[in-house]
Amino acid sequence: MAARRSNKRKRRNRGRFGILYQFLSLVIILVVIAAGCVVFFRVDEVTEDGESKYTAEEIIAASGIEQGDNLFLISPVQTGRKIASVLPYVDNVNVRRALPDGVVITVTECMPAAVIQGNGSWWIIDAKGKVLEQTASGTGAAVVSGLTALLPVEGTRLAVEDADSAKLNSLLQLLRAFSDRGMAEKVSSIDLTSTANIILEYDGRFTVKIPMNPENFALKVRALDETVAQLQTNESGSIDLTREDKVYFDQTGGGK
């Protein structure tokens, strides 16, 4: 009986040592693989793919990636954020590893949507409200009035006084509605002075009145597009989109 118990204990001990041996072997293998990645997978080439306002050299420099960096220690997310923070016109960034020794960076640009005054200067913003750069003259984007930027800084989100937060939300929603429909370039000015309606100049021919209701902007912009499409190219005037049931066009030009 004693011999049998001794044999069972030996078998249990061998089993335990076997499991421990397998675990240690796995750890050693993982360490060897990790060491191999650190030693062998080094960045030799960084390339920029796509068209951009910035040169490939500027984008690569903003990424902070250098030759000799470990390929697997590079964080695509953090690298993308770093590029976007340094280069204001960068909207989205895709950073991918190109084994065995390359990194490819693809960026998409922010498109200027409007210019707004703040801190004694004019600032270009995109449809998401990102401050792109300071400007001294017109850029072809819609000129915003009735709203002032609060301490604007390139690369940051547009900020305003708390009392104007609703107007800022309306501005951004309106810019996105025009952008989504491919009509943004035809808007030359946006007047947010009134809390009830937005007045804008469109296509160099029309003064348009839109109710300050972001939930209906997509429908109102579509109605504007359809209305203008039905008019002759030599017609101009005022378009009133504040009514729920009908669009009113005054060819005489009317007033605001």
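Read on for a plain summary of the structure.

Calculation rules
- Residues numbered from 1 in each chain as written.
- Predicted model: local features only at pLDDT ≥ 70, side-chain atom pairs only at ≥ 80, totals over all residues.
- Heavy atoms only, no water.
- Axes fitted to C-alpha atoms, helices over the stretch in contact; angles between N-to-C directions.
- Helix = DSSP H or I, 4+ residues; strand = E, 2+ residues; numbered from the N terminus.
- Parallel < 35°, antiparallel > 145°, perpendicular 65-115°, else oblique.
- Left-handed = near helix turned anticlockwise from the far one by under 90°.
- Contact = heavy atoms within 4.5 Å.
- Nonpolar A, V, L, I, M, F, W, Y, C, P; charged D, E, K, R; others polar.
- Core = buried A, V, L, I, M, F, W, Y, C linked by side-chain atoms within 4.5 Å.
- Buried < 20%, exposed > 50% of the residue type's maximum accessible area, 1.4 Å probe, protein only.
- Lys, Arg positive; Asp, Glu negative; His and termini not counted.
- Salt bridge = Lys/Arg side-chain N within 4 Å of Asp/Glu carboxyl O.
- Polar contact = N/O pair within 3.5 Å; in protein donor to acceptor, adjacent residues only side chain to side chain.
- 1 Å grid on protein atoms, 1.4 Å probe; cavity = no way out; pocket = protein on both sides within 12 Å on 5 of 7 lines; lining within 4 Å.
- Points joined across faces, edges and corners; volume = space filled by probe spheres on them.
- Pairing = 2+ DSSP bridges.

**Quick notes on the packing of helix α2 (residues 56-63) against helix α3 (residues 76-86)**
Here is step 1 of the chain: One way to put it is that α2 packs onto α3 with a least axis distance of 8 Å and a crossing angle of 120 degrees. Taken together, the axes of α2 and α3 lie oblique to each other. Crossing hand, α2 versus α3: right-handed. Packed against α2, whose contacting residues are I59, A62 and S63, the element α3 presents T79, K82, I83 and V86 at the interface.
Here is step 2 of the chain: The residue inventory of the contact of α2 with α3, partitioned by class, reads 4 nonpolar, 2 polar and 1 charged.

**Details of the nonpolar core**
Here is step 1 of the chain: Membership of the largest hydrophobic core comes to 39 residues, with the highest contact counts inside it found for I190 and Y202.
Here is step 2 of the chain: Mapped onto this core, the elements with two or more residues apiece are β4 (112-118), β5 (121-126), β7 (142-145), α4 (165-180), β8 (187-191), β9 (197-202), β10 (206-211) and α5 (217-230).
Here is step 3 of the chain: Ranked by the residues each element gives to this core, the list is headed by α4, at 7 residues.
Here is step 4 of the chain: Not counting residues up to four positions away in its chain, the partners in contact with I190 are A142, V143, V144, S145, L171, L174, L175, I198, I199 and L200.
Here is step 5 of the chain: Ranked by size, the runner-up nonpolar core spans 22 residues in total, among them L71, Y89, C110 and V115.

**Topic: the side chain of K130**
Here is step 1 of the chain: Along the chain, K130 falls in the loop between β5 and β6 (131-135).
Here is step 2 of the chain: This buried residue, K130, is left without a salt bridge; D91 holds the nearest opposite charge, at 6.1 Å.
Here is step 3 of the chain: Reaching out from K130, the side chain makes a polar contact with the backbone oxygen of P88 at a distance of 2.9 Å.
Here is step 4 of the chain: A distance of 2.8 Å separates a polar atom in the side chain of K130 from the backbone oxygen of V90.
Here is step 5 of the chain: Leave out the neighbours within four places in its chain, and K130 touches A84, L87, P88, V90, C110, I124, I125, G155, T156 and R157.

**Remarks on empty space enclosed by the protein**
It is the rolling of a water-molecule-sized probe over the atoms that shows where space remains empty.
Here is step 1 of the chain: In total, this model carries 1 cavity of 30 Å³ or more according to the counting rule given.
Here is step 2 of the chain: In terms of lining residues, the largest cavity is bounded by A113, L175, F178, A184, V187 and I190.
Here is step 3 of the chain: For the lining of the largest cavity, the elements supplying multiple residues, two or more each, are α4 and β8.
Here is step 4 of the chain: Split into classes, the residues belonging to the lining of the largest cavity amount to 6 nonpolar, no polar and no charged.

**Considerations on the sheet that holds β10**
Here is step 1 of the chain: In spatial order, the strands read β6-β5-β4-β7-β8-β9-β10-β11-β12; together these 9 strands make up an open sheet with mixed pairing. Only two strands of the sheet have a single partner each, and these edge strands are β6 and β12 (248-250). Averaged over neighbouring strand pairs, the angle between their axes works out to 20 degrees when direction is ignored.
Here is step 2 of the chain: Pairing of β4 with β5, which is carried by 6 bridges, proceeds in the antiparallel orientation. Paired with G118 across the bridge in β5 is S121.

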